[in-house]
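So you can see what is in the structure, the chains are spelled out below.
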Amino acid sequence: KQEVTQIPAALSVPEGENLVLNCSFTDSAIYNLQWFRQDPGKGLTSLLLIQSSQREQTSGRLNASLDKSSGRSTLYIAASQPGDSATYLCAILQGAQKLVFGQGTRLTINP
Amino acid sequence: NAGVMQNPRHLVRRRGQEARLRCSPMKGHSHVYWYRQLPEEGLKFMVYLQKENIIDESGMPKERFSAEFPKEGPSILRIQQVVRGDSAAYFCASSPVQGSYNEQFFGPGTRLTVL
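The structure contained in this document is the topic of the report that follows. (Residues numbered from 1 in each chain as written. Chains lettered and ligands numbered in written order. Predicted model: local features only at pLDDT ≥ 70, side-chain atom pairs only at ≥ 80, totals over all residues. Heavy atoms only, no water.)

1. Observations concerning the overall build of chain B
Here comes step 1: Across its full length, chain B holds zero helices and 11 strands.
Here comes step 2: Listing the helices and strands of chain B from first to last along the sequence gives β-β-β-β-β-β-β-β-β-β-β.
Here comes step 3: In terms of C-alpha radius of gyration, chain B reaches 13 Å, essentially the compact-globule figure of 13 Å for 115 residues.
Here comes step 4: Taking the principal axes of its C-alpha atoms as reference, chain B extends roughly 40 × 30 × 25 Å.
Here comes step 5: By the burial criterion, 45% of the 115 residues in chain B qualify as buried.
Here comes step 6: A separation of at least 24 residues holds for 53% of the contacts in chain B among residues at least 6 apart in sequence.
Here comes step 7: Carbon together with sulfur atoms contributes 47% to the accessible area of chain B, which is approximately 5900 Å² in total. (Helix = DSSP H or I, 4+ residues; strand = E, 2+ residues; numbered from the N terminus. Rg over C-alpha atoms; globule rule 2.2 N^0.38 Å. Buried < 20%, exposed > 50% of the residue type's maximum accessible area, 1.4 Å probe, protein only. Contact = heavy atoms within 4.5 Å. Areas by Shrake-Rupley, 256 points an atom, 1.4 Å probe, with all protein chains shown as cover.)

Pasting the structure below:
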């Protein structure tokens, strides 16, 4: 059974810092991995999707990496801004149809 | 191209009533997924549907919950005889295809409160 863990559960950093969010998973037989952002009381916004055969994806200030052999993914956020404050969710596509989510990292960027 | 639409956004029911949650997938998407987010918990898969077919309902509670995606109209998640433990945010997602290129796009969710 796939289990997804995100560390830390909460993170608070000053504006402008670069930061890394971590995601680990127990079963390396994955189809893809998605990083999402969730604002309080809102839905999920897809940030990056990494296919099983890929090592990383980049979008603007965001970079996500995938290491299947070690069961790890990281989300790197460069030059953080207060608007980046949100909960970040890592999800593994299991069996080509269902996403298995981590508990999320609640990120606060302090002006 | 409108995103995934869910309604209502907020739903209040008393114990024992029925709740009906609706989801309209993105245009061109024929795969629909329902997830539930209980308070202070992560999102959990409930059910995966294609038009007129339930493909995987391994995450659905055995009783009181049902889902459908008819040939015409939105997907419906139905909860009969709601209890306080059903209070949660219910999210719908859709995708155009199945497989490794399956990116799921999420709706804004329906927040169900059971009094």
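Having put the structure on the table, let's press on.
2. Description of the sheet that holds strand S8 (residues 75-79) of chain B
Residue and element names in this part refer to chain B.
Here comes step 1: In spatial order, the strands read S1-S3-S8-S7; together these four strands make up an open sheet with antiparallel pairing. Both edges of this open sheet fall to strand S1 (5-7) and strand S7 (65-68), since each of them pairs with a single strand only. Neighbouring strand axes in the sheet, compared pairwise and without regard to direction, differ in orientation by 15° on average.
Here comes step 2: Pairing between S7 and S8: four bridges, direction antiparallel. (Pairing = 2+ DSSP bridges. Axes fitted to C-alpha atoms, helices over the stretch in contact; angles between N-to-C directions.)

3. Things to note about the interface of chain A and chain B
Here comes step 1: The partner chain B presents 24 residues to the 21 residues of chain A that form the contact.
Here comes step 2: Each partner contributes to the roughly 1800 Å² buried at the junction of chain A and chain B, and carbon and sulfur atoms together form 48% of this total.
Here comes step 3: Where chain A meets chain B, there are one salt bridge.
Here comes step 4: The salt bridge involving A:Lys98 is made with B:Asp56; its shortest N-O contact spans 3.4 Å.
Here comes step 5: Along the contact surface separating chain A from chain B lie 10 residue pairs in polar contact (both at pLDDT 80 or more).
Here comes step 6: Counting residues per element, the ones that place at least two in the side of chain A that touches chain B are strand S4 (32-38), strand S5 (44-51), strand S9 (86-94) and strand S10 (98-101) of chain A.
Here comes step 7: Within the side of chain A that touches chain B, the residues separate by chemical class into nine nonpolar, 10 polar and two charged. (Buried area = accessible area lost by both parts, 1.4 Å probe. Salt bridge = Lys/Arg side-chain N within 4 Å of Asp/Glu carboxyl O. Polar contact = N/O pair within 3.5 Å; in protein donor to acceptor, adjacent residues only side chain to side chain. Nonpolar A, V, L, I, M, F, W, Y, C, P; charged D, E, K, R; others polar.)

4. Re the state of the cysteines
Here comes step 1: One pass over the full model with this rule turns up two disulfides over all chains.
Here comes step 2: Here A:Cys23 is linked by a disulfide to A:Cys90, with a sulfur-sulfur distance of 2.0 Å. Residues A:Cys23 and A:Cys90 are joined by a disulfide whose S-S torsion is about -60°; by sign, that bridge is left-handed. One end of the pair, A:Cys23, is in strand S3 (residues 19-25); the other, A:Cys90, is in strand S9, and 67 residues separate them in sequence.
Here comes step 3: Relative accessible area serves as the criterion here: at 0%, A:Cys90 is assigned to the buried category.
Here comes step 4: Each sulfur of the disulfide joining B:Cys23 and B:Cys92 lies 1.7 Å from the other. Taking the torsion about the sulfur-sulfur bond, which here is approximately -50°, the covalent link between B:Cys23 and B:Cys92 counts as left-handed. Taken together, the positions of B:Cys23 in strand S3 (residues 19-24) and B:Cys92 in strand S9 (residues 88-95) put the pair 69 residues apart, joining distant regions of the chain. For the pair shown, B:Cys23 and B:Cys92 are each scored as buried. (Disulfide = S-S within 2.5 Å.)

5. Looking at the packing of aromatic side chains
Here comes step 1: For the structure on display, the rule yields seven aromatic pairs over all chains.
Here comes step 2: When the centroid spacing of 5.9 Å and the interplanar angle of 75° are considered together, the rings of B:Tyr35 and B:Phe45 count as edge-to-face. A residue pair is termed long-range when its members are at least 10 positions apart, and B:Tyr35 in strand S4 (residues 31-37) and B:Phe45 in strand S5 (residues 43-50) qualify at 10 residues. Of the two residues examined, B:Tyr35 and B:Phe45, each falls in the buried class.
Here comes step 3: By the ring-pair criterion, three or more aromatic residues cluster together here, those being A:Phe36, A:Phe101, B:Tyr35, B:Phe45 and B:Phe106. (Phe/Tyr/Trp six-rings, centres within 6.5 Å; stacked < 30°, edge-to-face > 60°.)

6. Considerations on the pattern of salt bridges
Residue and element names in this part refer to chain A.
Here comes step 1: Taken as a whole and assessed by the stated rule, the structure comprises six salt bridges over all chains.
Here comes step 2: Salt-bridge contacts for Arg 37 lead to Asp 39; the nearest nitrogen and oxygen are separated by 3.0 Å.
Here comes step 3: Residue Arg 37 is classed as buried on the basis of its relative accessible area of 17%.
Here comes step 4: According to the relative accessible area criterion, Asp 39 is partly exposed, its value standing at 25%.

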